[in-house]
Amino acid sequence: MTTESAPRVTTDAPLSTPGPANGRGEPKTPAGNPPRPKHRAKSILKHAILIAVAIIMIYPLLWMVVSSFRPSADVFRAPGLWLTEVHAENYATGWNALTSPFSTYLLNSALVVLGAVIGNLVSCSMAAYAFARLDFRGKKWMFGAMLVTIMLPIHVVIVPQYILFSQIGWVNTFAPLIVPKFLATDAFFTFLMVQFIRGIPRELDEAARIDGAGHPRIFLQVILPLMTPALATTTIFTFIWTWSDFFSQLIYLTSPDVFTVPVALRSFVDAQSSTDWGSMFAMSVVTLLPVFIAFLVGQKFLVKGIATTGIK
């Protein structure tokens, strides 16, 4: 008895053929392969343009830093960034160039900034909780009026404010720059926190209310700990805006012993005599250092706070 084995079927065709990856019939590029020369050139060109634009934008800042080490007579003669000689004494001269050491003006600015930051954190957070969680008569109208104040230029209200503060004897003091912050006058930060609180689930409030917590306890123990990104954003913006504010501080501060940093820098420029540009640029660099440090430290919270509040 013989048995015949089944014939073996062989084929040379592949089991599957890759189809076209796009409409042009080009095959897909395997994962992990280096980018094509065309894509690489486009990426290099894009990064080159971005670097060139960044250099153009940062050039004035670099020029100011370099000019702080030049003699005043050579500041505007050399627009480049190359130093032929270093005059580090500009920092020592500028520190003691005015009626008081520059540390006095730094301390004055620090006091104003500290009061403004605390005032905005306390008042704006409380006002935001009221708008976001409480129900009271006229809530929508008040919230709309608050938003309208964001579009109101400061030049419209500066004259009546000055008259008011002058009548109560607050001119030439830090009170006009600090006290209004405790009244939630910065509507932008109130709106920022309202948007953030609205994103917090109300179930947390209801759970705390079942445990017997009232609004003060809910605000302090439930809502406030979750508002860290919004509070950090408010702190950074308030610090930068108050530290760099020149207009309001120039109007309310008239005595040299209460000058802040922006007003003190303006004192270096004298229309009747020569200006010590080297010393002024040196103190400008010193003035910018706290702003850079605050931004670098709080950059993570700043981006997170903006991304989780205004864009809802």
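Criteria and cut-off values
Residues numbered from 1 in each chain as written. Predicted model: local features only at pLDDT ≥ 70, side-chain atom pairs only at ≥ 80, totals over all residues. Heavy atoms only, no water. Helix = DSSP H or I, 4+ residues; strand = E, 2+ residues; numbered from the N terminus. Buried < 20%, exposed > 50% of the residue type's maximum accessible area, 1.4 Å probe, protein only. Contact = heavy atoms within 4.5 Å. Areas by Shrake-Rupley, 256 points an atom, 1.4 Å probe, with all protein chains shown as cover. Axes fitted to C-alpha atoms, helices over the stretch in contact; angles between N-to-C directions. Parallel < 35°, antiparallel > 145°, perpendicular 65-115°, else oblique. Nonpolar A, V, L, I, M, F, W, Y, C, P; charged D, E, K, R; others polar. Core = buried A, V, L, I, M, F, W, Y, C linked by side-chain atoms within 4.5 Å.

The next subject is the overall build of the protein. Helix and strand counts for the protein stand at 13 helices and 0 strands. The order of helices and strands in the protein, counted from the N terminus, is α-α-α-α-α-α-α-α-α-α-α-α-α. Across the 312 residues in the protein, those meeting the buried criterion constitute 34%. Across the protein, the fraction of contacts at a sequence separation of at least 24, relative to all contacts at a separation of at least 6, is 68%. Total accessible area on the protein stands at roughly 19,900 Å², and carbon and sulfur atoms take up 68% of it.

Contact geometry of helix α9 (residues 215-226) with helix α10 (residues 228-243) gives a least axis separation of 5 Å together with a crossing angle of 70°. Our classification of the angle between α9 and α10 gives roughly perpendicular. Contacts from L224, P225 and L226 of α9 reach α10 at T228, P229 and L231. Tallied by class, residues from the contact of α9 with α10 come to 5 nonpolar, 1 polar and no charged.

So, on to the nonpolar core. Within the largest apolar cluster, 35 residues are counted, with the highest numbers of intra-cluster contacts made by F102, W243, V261 and M283. Elements that contribute at least two residues to this core include exactly α1 (37-67), α3 (102-133), α5 (154-167), α6 (175-178), α10, α12 (261-266) and α13 (277-307). Every residue in contact with M283, bar those within four places of it in the chain, is listed here: Y91, G94, W95, F102, L265 and F268. I197, F219, M227 and L231 belong to the second-largest nonpolar core, a separate cluster that totals 24 residues.

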